[in-house]
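Structure at a glance
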Amino acid sequence: MSYQLETNTDSSKIIHLNTGDATTYLQSGLTTYCSFILDTPIIIDKQHSALISLNSAIIPYSMYNIRTNINDRLIFKFIGNETKFQVLIPEGNYTITTLGNIIKELLEGVSQTQGIYTIAFNRTTMKYTFSSSVKEIYFDFTDNINSCNIELGFKKNEITPITGIGNGVDSLQSTNVPDVNGSIHSLFIRTNLTSKSSIDSQTKSFSTILGKIPIDTNFGGVLFYNPRDNTQKILLDTHIINILTIRITDEQNRNIDLNGLNCNLSILIDIVNKTDFISKEDRRTQEIYLNNKNKEKLIDIENNRTKA
């Protein structure tokens, strides 16, 4: 779709937002879900339309890759016992090595396990290997709520071989390559103004996504988003902007916790003529339609002449 900014429209507007200045925070403890009430509303004339786009963003990478009630649970069973046990991983930012170390400590801290566990990461296969000195256990990921199966390299709803880990049994290797950042690869900026021009694969329908920010820095760094050529512009239905709600989520539409830090966003509002939204393809379609209608009229006229 193409459009032109005309001289007979109002100039573009840009809204600079700092989540620390929000009028209201819509979830306790989160700076990433908030609402701003503009003292000076943006009003678009009825004969014009507006496009909204994410102009830039500065977001601290302070969110964790292991999050409470998201991916912090490992369920296991003992051979011959259907009772489920679980360990909960403290939320934090883990590497492939530190994640293995903390799970080793947690398993050895369960009184029923009665063994020493080894969790090694093979750099060649890029998979975990689990082994134990005494007690045989196996992992059960069928209860997938809050499961860390992706981070450990197992499939959703998978049960590891019930021959178990330990007592001289062969070591268990993770099925897939572990992804310690499996719960968050990108950030999605969502607003109350965008609902009809963006589709995501999770809902398979229109969403409120304004922009997607890839995570391309290490934990503790800062994410800088400043698109140059490929900026997504979304047509607005409204002609007045006085309340702007911002929500930053992961790809599963779960709110992100920056752990008390704030971020900066710049949102661009372009004012354009409504006629600018007829693309070349649409114009061509209209021309074909009109040409066909004209042909039909000529055929009717010729048929009438023949009948006469």
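Cut-offs used in this document
- Residues numbered from 1 in each chain as written.
- Predicted model: local features only at pLDDT ≥ 70, side-chain atom pairs only at ≥ 80, totals over all residues.
- Heavy atoms only, no water.
- Helix = DSSP H or I, 4+ residues; strand = E, 2+ residues; numbered from the N terminus.
- Buried < 20%, exposed > 50% of the residue type's maximum accessible area, 1.4 Å probe, protein only.
- Contact = heavy atoms within 4.5 Å.
- Areas by Shrake-Rupley, 256 points an atom, 1.4 Å probe, with all protein chains shown as cover.
- Pairing = 2+ DSSP bridges.
- Axes fitted to C-alpha atoms, helices over the stretch in contact; angles between N-to-C directions.
- Phe/Tyr/Trp six-rings, centres within 6.5 Å; stacked < 30°, edge-to-face > 60°.
- Lys, Arg positive; Asp, Glu negative; His and termini not counted.
- Salt bridge = Lys/Arg side-chain N within 4 Å of Asp/Glu carboxyl O.
- Polar contact = N/O pair within 3.5 Å; in protein donor to acceptor, adjacent residues only side chain to side chain.
- Disulfide = S-S within 2.5 Å.
- pLDDT = per-residue confidence, 0-100.

1. With respect to the overall build of the chain
- Along its length, the chain carries three helices and 18 strands.
- By residue count, 42% of the 308 residues in the chain fall in the buried class.
- Long-range pairs, those at least 24 residues apart, make up 70% of the contacts in the chain between residues at least 6 apart in sequence.
- Entry remark: accessible area of the chain is about 17,000 Å², with carbon and sulfur atoms responsible for 50%.

2. Looking at the sheet that holds strand S9 (residues 137-139)
- Across the sheet, three strands lie side by side as S6-S5-S9; this open sheet has antiparallel pairing. The open sheet is flanked by strand S6 (81-88) and S9, the only strands paired with a single partner. Taking the axes of each pair of neighbouring strands and ignoring which way they run, one obtains an average angle of 35° across the sheet.
- Of the strand pairs in this sheet, strand S5 (residues 73-78) and S6 are connected by five bridges, and their pairing is antiparallel. Bridge assignment links Arg 73 to a residue of S6, and that residue is Leu 88.
- Along the sheet face, helix H1 (residues 96-108) touches S5, S6 and S9 and points at about 130° away from the line of S6.

3. Considering the packing of aromatic side chains
- Applying the stated criterion across every chain, the model contains twelve aromatic pairs.
- On the basis of an interplanar angle of 75° and a centroid distance of 6.0 Å, the ring pair of Phe 139 and Phe 154 is categorised as edge-to-face. With Phe 139 in strand S9 and Phe 154 in the loop between helix H2 (149-152) and strand S10 (172-173), this residue pair connects regions lying 15 residues apart in the sequence. Of the two residues, Phe 139 and Phe 154, both sit in the buried class.
- With 5.2 Å between their ring centres and 25° between their planes, Phe 141 and Phe 154 make a pair best called stacked. Of the two residues, Phe 141 is situated in the loop between S9 and H2 and Phe 154 in the loop between H2 and S10; the sequence distance between them amounts to 13 residues.
- These aromatic residues form a ring-pair network of at least three members: Phe 121, Tyr 128, Phe 130, Phe 139, Phe 141 and Phe 154.

4. Description of the side chain of Glu 158
- The residue Glu 158 is located in the loop between H2 and S10 in this model.
- Here Glu 158 is buried and forms no salt bridge, its nearest opposite-charge partner Lys 155 lying at an N-O distance of 6.0 Å.
- Within the structure, Glu 158 has its side chain in polar contact with the backbone nitrogen of Lys 155 (distance 2.7 Å).
- Setting aside chain neighbours within four positions, we find Glu 158 in contact with Phe 139, Asp 140, Phe 141, Thr 142 and Thr 175.

5. Re the side chain of Arg 73
- Along the polypeptide, Arg 73 turns up in strand S5.
- In terms of polar contacts, Arg 73 uses its side chain to reach the side chain of Gln 86, at 3.3 Å.
- Of the polar contacts made by the side chain of Arg 73, one reaches the backbone oxygen of Ile 145; its length is 2.8 Å.
- Leave out the neighbours within four places in its chain, and Arg 73 touches Gln 86, Val 87, Leu 88, Asp 143, Ile 145, Asn 146, Ser 147 and Cys 148.

6. Quick look at the state of the cysteines
- On inspection of all chains with the given rule, the structure shows zero disulfides.
- Free cysteine Cys 34: the closest other cysteine sulfur is in Cys 263, separated by 7.2 Å.
- You can call Cys 34 buried: its relative accessible area is 0%.

7. Regarding the confidence of the model for the chain
- Taken as a whole, the chain shows an average pLDDT of 83; of its residues, 78% reach a score of 70 or greater.
- Mean pLDDT values for the elements of the chain range from 54 in helix H3 (residues 280-307) up to 97 in strand S2 (residues 24-25).

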